[in-house]
Amino acid sequence: MSDLRTQLGEAVAAAFAAEGVDASLARVTPSDRPDLADFQSNGALAAAKALKANPRELASKVAERLASDPRLASVEVAGPGFINMKLADAALAERAAQVAGDAAHAGAAVVEAPRKVVIDFAGPNVAKPMHVGHLRSSIIGESLKRLFRFRGDTVWGDAHFGDWGFQMGLLIVAVGDEGKAEAFLVEGDGPFPADSPVTLEDLERLYPQAAGQAKEDPAFRDRARKATAELQAGRPGYRALWQHFVAVSRTALEREFGALGVTFDLWNGESDADPVMAEMIAHLEATGLLVEDDGARVVHVARPGETRKKKLADGSVIEAPSPPPLLVISSEGSAMYGTTDLATILDRRKAIDPDLILYVVDERQAEHFEQVFRAAYLAGYATEGSLQHLGFGTMNGTDGKPFKTRAGGVLKLHDLITQATDKARERLREAKLGDDLPEAEFEDIAHKVAIAALKFADLSNARTTSYVFDLDRFMSFEGKTGPYLLYQAVRIKSLLRKAGDQDLAPGAIVIGEPAERDLALTLDAFSQAVTEAYDKRMPHLISEHAYRLAQSFSKFYAACPVLIAPDAATKASRLALSKAALDQLEIALDLLGIATPERM
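Definitions and limits used
- Residues numbered from 1 in each chain as written.
- Predicted model: local features only at pLDDT ≥ 70, side-chain atom pairs only at ≥ 80, totals over all residues.
- Heavy atoms only, no water.
- Helix = DSSP H or I, 4+ residues; strand = E, 2+ residues; numbered from the N terminus.
- Axes fitted to C-alpha atoms, helices over the stretch in contact; angles between N-to-C directions.
- Parallel < 35°, antiparallel > 145°, perpendicular 65-115°, else oblique.
- Left-handed = near helix turned anticlockwise from the far one by under 90°.
- Contact = heavy atoms within 4.5 Å.
- Nonpolar A, V, L, I, M, F, W, Y, C, P; charged D, E, K, R; others polar.
- Pairing = 2+ DSSP bridges.
- Buried < 20%, exposed > 50% of the residue type's maximum accessible area, 1.4 Å probe, protein only.
- Core = buried A, V, L, I, M, F, W, Y, C linked by side-chain atoms within 4.5 Å.
- 1 Å grid on protein atoms, 1.4 Å probe; cavity = no way out; pocket = protein on both sides within 12 Å on 5 of 7 lines; lining within 4 Å.
- Points joined across faces, edges and corners; volume = space filled by probe spheres on them.
- Salt bridge = Lys/Arg side-chain N within 4 Å of Asp/Glu carboxyl O.
- Expected span 1.5 Å × (residues − 1).
- Polar contact = N/O pair within 3.5 Å; in protein donor to acceptor, adjacent residues only side chain to side chain.
- Phe/Tyr/Trp six-rings, centres within 6.5 Å; stacked < 30°, edge-to-face > 60°.
- Lys NZ or Arg CZ within 6 Å of the ring centre and 35° of its normal.

Caption draft 1: Focus on unusual backbone geometry. Following G190, the chain continues into P191 via a peptide bond in cis, with omega recorded as 10°. Take P191: it is sitting in the loop between α6 (166–177) and α7 (200–216). Its identity as a non-glycine residue notwithstanding, A122 has a phi of 80°, on the positive side. Looking at the element boundaries, A122 is found in the loop between β5 (116–121) and α5 (135–150). Its identity as a non-glycine residue notwithstanding, D294 has a phi of 55°, on the positive side.

Caption draft 2: Quick peek at the packing of helix α1 (residues 4–18) against helix α3 (residues 55–66). Their axes nearest at 9 Å, the elements α1 and α3 cross at an angle of 125°. Here α1 lies oblique to α3, going by the angle between them. Crossing hand, α1 versus α3: right-handed. On α3, the residues touching A11, V12, A15, F16 and A18 of α1 are V62, R65 and L66. Along the lines of polarity and charge, the residues of the contact of α1 with α3 split into 7 nonpolar, no polar and 1 charged.

Caption draft 3: Spatial organisation of the packing of α6 against helix α9 (residues 236–260). Two elements in contact, α6 and α9, have axes separated by 11 Å at closest approach and are oriented at 100°. Taken together, α6 and α9 sit at an angle that is classed as roughly perpendicular. Within the contact between the two elements, α6 uses M168, L171, I172 and V175 and α9 uses Y238, L241, W242 and F245. Among the residues making up the contact of α6 with α9, the classes are represented as 8 nonpolar, no polar and no charged.

Caption draft 4: The arrangement of the sheet that holds strand β7 (residues 290–293) in detail. Taken in spatial order, the 3 strands of this open sheet run β7-β8-β11, and their pairing is antiparallel. The strands lining the two open edges of the sheet, one partner per strand, are β7 and β11 (326–329). Each strand of the sheet is rotated relative to its neighbour by a mean of 45°, with strand direction disregarded. Direction of pairing for strand β8 (residues 296–299) relative to β11: antiparallel, over a ladder of 3 bridges.

Caption draft 5: A look at the pairing of strand β12 (residues 356–360). Where burial is concerned, most of β12 is hidden: 5 out of the 5 residues are buried. On β12, burial covers both faces: L356, L358 and V360 on one face and I357 and Y359 on the other are all buried. Of the pairings in the sheet, the one linking β5 to β12 comprises 5 bridges and is parallel in character. Following the sheet pairing, D120 is matched in β12 by Y359. Here β12 pairs with strand β13 (residues 387–389) via 3 bridges, running parallel.

Caption draft 6: Molecular detail of the sheet that holds strand β3 (residues 72–78). The strand order across the open sheet built from 4 strands is β1-β2-β4-β3, with neighbouring strands paired in antiparallel fashion. The two strands at the open ends of the sheet, each matched to only one other strand, are β1 (28–30) and β3. Taken over all neighbouring pairs, the strand axes of this sheet differ in orientation by 25° on average, direction set aside. Note that β3 and strand β4 (residues 82–87) share 6 bridges and pair antiparallel. Within β4, the position partnered with V77 by the bridge is I83.

Caption draft 7: Inspection of the nonpolar core at higher detail. With 164 residues, the main nonpolar core has L66 and F245 as its most contacted residues. Ranked by the residues each element gives to this core, the list is headed by helix α14 (residues 439–459), at 12 residues. In this structure F245 touches V126, M168, L171, I172, V175, V198 and L203, once residues within four positions along its chain are discounted. Formed by 34 residues, the second largest nonpolar core is a distinct cluster that contains V118, L289, L342 and A376.

Caption draft 8: Focus on the layout of surface pockets. Each pocket or cavity is described by its volume, and for the second largest pocket that value is around 780 Å³. Every residue lining the second largest pocket is counted, 27 residues in all, and those nearest its centre are P30, D38, D518, L521 and T522. Within the lining of the second largest pocket, the residues separate by chemical class into 10 nonpolar, 5 polar and 12 charged.

Caption draft 9: Inspection of the pattern of salt bridges at higher detail. Tallied over the entire structure, the rule returns 46 salt bridges. In this structure, the salt-bridge partner of D69 is R71, at a minimum N-O distance of 2.7 Å. A salt bridge links E142 to K145; the nearest nitrogen and oxygen atoms lie 2.9 Å apart. Of the two residues, E142 and K145 both sit in helix α5, 3 residues apart, roughly one turn of that helix. This pair shows no difference in class: E142 is buried, exactly as K145 is. Because the salt bridges share partners, they merge into one network encompassing K423, E426, R427, E430 and D472.

Caption draft 10: Region of the structure containing empty space enclosed by the protein. Scanning the model with the defined rule gives 1 cavity of 30 Å³ or more in all. The computed volume of the largest cavity comes to approximately 50 Å³. Around the largest cavity, the lining residues are D158, H160, N268, G269, D272, A273, T344, D347 and R348. The element that contributes the greatest number of residues to the lining of the largest cavity is helix α11 (residues 337–351), accounting for 3 residues. For the lining of the largest cavity, the class distribution of residues is 1 nonpolar, 4 polar and 4 charged.

Caption draft 11: Here's a closer look at helix α20 (residues 568–591). The end-to-end C-alpha separation of α20 is 35 Å, in line with the 34 Å expected for 24 residues at 1.5 Å each. Among the 24 residues in α20, 17 count as buried, and that is most of the element. Its side-chain oxygen at 3.2 Å from the backbone nitrogen of A569, D567 defines the N-terminal cap of α20. Count one or two residues on from α20 and you reach G593, which has phi positive near 85°.

Caption draft 12: Spatial organisation of the packing of aromatic side chains. Using the criterion set out here, one finds 17 aromatic pairs in the structure. Here the aromatic rings of F257 and W267 are separated by 5.9 Å at their centres, their planes lie at 65°, and the arrangement is edge-to-face. In this pair, F257 sits in helix α9 while W267 sits in the loop between α9 and α10 (277–286), placing the two residues 10 residues apart along the sequence. Taken individually, F257 and W267 each receive the classification buried, so the pair is uniform in this respect. Feature note: the residues F121, F161, F257, F264 and W267 constitute an aromatic cluster, connected by ring pairs. Stacked on the ring of Y534, the Lys or Arg R151 has its end atom at 4.8 Å from the ring centre. One cation-aromatic arrangement involves R235 over Y238; the distance from NZ or CZ to the ring centre is 4.1 Å.

Limitation: the analysis is restricted to geometry and does not speak to function.
This is the structure we're talking about:
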């Protein structure tokens, strides 16, 4: 059974149609005056204007048709033609019971036609530690992966390593210059050492050192470019050394992702597209898409006559193609960032044939993805619209700029999680929560609180906006925070445990009190929140619902005693509402990637 808003929308649409009015105008929304009604429809105003009729008279005719609907306690016309609808208590009780009985989805609808979806997110790089810049992609991508699965799609989450570009050539040369990899630099097929010649600390030290040297030393840069080309061409020693780089890096990445509760179905890197690279290049050549351009080879993706304004260094503005060509092969013969992304699309089509690929990547990469997507459509590797870049804003410091450490450097993700966990311990002890628990359980709770704070702080903001990182505020057990939601969930769990100790159990739901109505309406709204978050690719809509649900339960708990209710039937009804609220809250939090403890 669908949610009540959808049901009323269908009923109002039928009433509009019966009056000869376009049913699409019969949009039903939550009332902006909840003291007067639960839902409203303003469609009569637009319909009357199109028909040159009196909107209030049209609204009255529609209201008359709805008056006999047993789901409605009242239907009234207000103002110039607003249709206000208040639900019957019985309809709310029936819907709340359906939500309570739906263990898997808590009343949320699933898609009618499931799709195969790949979500490309996180994008860590080999040899580079994860930092706060990876946080948003990881958190948003994980939530979307869960959301799409929840609605019924088959989903693959892909970490999509950066493991095949110029940075690999830099590392090969830098490791060689330190004398750490002599056995891998010889010509021939090996065999090569099975043990890694470098540690993660070596890679983290050498990469920035080599990147800086390449900017200052053209000879070093040329050696790195040559090493990159030889690696990509299959030189055995370079491939063996590169595999050690990948393995060492992945161990650290799995640790960080594990701490965040982020998982992947595919740990593919840019290198995994290499087997289809030759086929792709040949196809682009055969179709005439790949053309020479100043020693390099590119695909022109701008449509004929398409231009955009471009500002030059001197301040003048010119007309330029929009967007610029996609660089496929550099003048040195190396595959580029866009090349591997394009080849990855082809590889995914061969391996999975997805209906949709979502890229959760910084908004600043928008032009890059526009180039790659256009090239993929031109080459026939994807259907128009099946590739979507889901850009996001930045996580900023209190100065409004991208978040940095106090020393001005980029904060490692591991250090951020450690800081958050330390703060969580501090806040738990201040609130005297978990004082009587075993140390291991307390530490588990502290970690859950820390991750809830980080994730909810991010996901309570619209994906496309930036936000200010404030760990003290995020870690509060009051207000719109992750720890507050965990506390509410734990409070309901405690209530249900006490009920069990008294041999009380949930029963038939009856709605009578205003707070019961409000909670039932909030439970019903989950389906709409999930659908809109899915359609708009906006997890913050789930966050909003979770917070509203926690608030609604808190008001219910204060106004409607549960364990000391006046009779057994009322106790059973309110216990059922409490359990339904907990189940839906935990599902909503799980969609955000947030786990709830059993107690605090």
